[in-house]
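Remarks on the overall topology
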Amino acid sequence: MKAINTIALALSITAAAAATPAMAAPAPVAAVKPTVILVHGAFADAGSWNGVAARLRADGYSVIGAANPLRSVKGDAAVVSDIVKSVKGPVVLVGHSYGGAVISTAANGNPNVKSLVYVAAFAPDQGETALELSGRFPGGTLGQALAEPVAIAGGGKDFYIQQDKFHQQFAADVPKADAQLMAVAQRPIAEAALTEASGAPAWKNLPSYFIYGTGDKNIPAAALGFMAERAKSRKTVEIKGASHVVMTSNPAAVARLIEDAAQAK
């Protein structure tokens, strides 16, 4: 009788265990999305990223539009580097035009930078200058579109694009009325920034991504393609006919590439 009772007790415990729902496994912690830092180039400002920033924010990314001083590669990179250091968590650094030279230096020494995205941007090697790179391949017409340089107190010159040539030179695929306002608000770049030799480039150690247009008149598409190949770009997007401000005229394509860089393992 004792044996029968023992068996009955064991069966009841087993049945109760089967009826009790198992403890749910803890939900996996969602990966932290990188903060995207957007660095504008010469003759532009952070507002040139508005279309890209809106899409990234809608997809849940934190976005910072850095104010690039456009004074010198080393000095401008130090400003961007300070912004990177202020961010807790991973960062994707994005540079347009001259801003590419800036992010190539700013990423150095910042282990939270996970990737670099070059948007119609320079990716210079050590010792190269933006001015030399843009002139290495045919097709650029920026020199013919520049206004008379403005002398800077203490020495040096600032460069602007002539306002009546800005649309065709810089933003041919942007509506004319918008391009005219961009011309009025353009930020000048110091000659020293364009002629300063770059230091050790971060693209040699970090995953890099490139996007540019075949209609770029500031940096010839051939030069941009050369730099992308040299940097062993993980993904290169070439947009037929797009101007130098491809992030303004094609924000969806640029945002997609940035998100590819953000999500890559």
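Data block above holds the structure.
Below: a short report on this structure.

Reading the values: the criteria
- Residues numbered from 1 in each chain as written.
- Predicted model: local features only at pLDDT ≥ 70, side-chain atom pairs only at ≥ 80, totals over all residues.
- Heavy atoms only, no water.
- Salt bridge = Lys/Arg side-chain N within 4 Å of Asp/Glu carboxyl O.
- Helix = DSSP H or I, 4+ residues; strand = E, 2+ residues; numbered from the N terminus.
- Buried < 20%, exposed > 50% of the residue type's maximum accessible area, 1.4 Å probe, protein only.
- 1 Å grid on protein atoms, 1.4 Å probe; cavity = no way out; pocket = protein on both sides within 12 Å on 5 of 7 lines; lining within 4 Å.
- Points joined across faces, edges and corners; volume = space filled by probe spheres on them.
- Nonpolar A, V, L, I, M, F, W, Y, C, P; charged D, E, K, R; others polar.
- Phe/Tyr/Trp six-rings, centres within 6.5 Å; stacked < 30°, edge-to-face > 60°.
- Lys NZ or Arg CZ within 6 Å of the ring centre and 35° of its normal.

**Notes on the pattern of salt bridges**
Scanning the model with the defined rule gives six salt bridges in all. For R230, the salt bridge goes to E128, with nearest N and O atoms at 2.9 Å. One end of the pair, R230, is in helix α10 (residues 221-230); the other, E128, is in the loop between β4 (113-119) and α5 (130-135), and 102 residues separate them in sequence. For D260, the salt bridge goes to K235, with nearest N and O atoms at 2.8 Å. Here D260, found in helix α12 (residues 251-263), pairs with K235, found in strand β9 (residues 235-239); they are 25 residues apart in sequence, far enough to count as distant. Given a relative accessible area of 28%, D260 falls into the partly exposed group.

**Regarding unusual backbone geometry**
Of note, the phi angle at S97 is positive, near 55 degrees, even though the residue is not glycine. Assignment of secondary structure puts S97 in the loop between β3 (91-96) and α4 (99-106). Despite not being glycine, A120 shows a phi value in the positive range, around 45 degrees. As for its placement among the helices and strands, A120 is situated in the loop between β4 and α5.

**A closer look at the layout of surface pockets**
The space that makes up the largest pocket amounts to roughly 300 Å³. Lining the largest pocket are 20 residues, and of these L131, S134, L142, L194 and N218 sit closest to its centre. Within the residue set of the lining of the largest pocket, elements represented by two or more residues are α5 and α6 (142-145). No other element matches the four residues that α5 contributes to the lining of the largest pocket. Per-class residue counts for the lining of the largest pocket are 12 nonpolar, eight polar and no charged. Counted as a void, the second largest pocket has a volume near 200 Å³. Along the walls of the second largest pocket sit 14 residues, with D45, G47, S48, M182 and T248 positioned nearest its centre.

**What about the packing of aromatic side chains?**
Each aromatic ring pair is specified by the distance between its two centres and by the angle formed by the two planes. A full pass over the atoms with the stated rule returns four aromatic pairs. For the pair F43 and F170, a centre-to-centre distance of 6.1 Å together with 90 degrees between the ring planes defines the contact as edge-to-face. Of this pair, F43 sits in the loop between β1 (35-39) and α2 (50-58) while F170 sits in helix α7 (residues 163-170), and the two are 127 residues apart along the sequence. Residue F170 is classed as buried on the basis of its relative accessible area, which comes to 0%. Positioned above the aromatic ring of Y61 is the side chain of K33, whose terminal nitrogen or guanidinium carbon lies 4.7 Å from the ring centre.

None of the figures reported here should be taken as evidence of function without further support.
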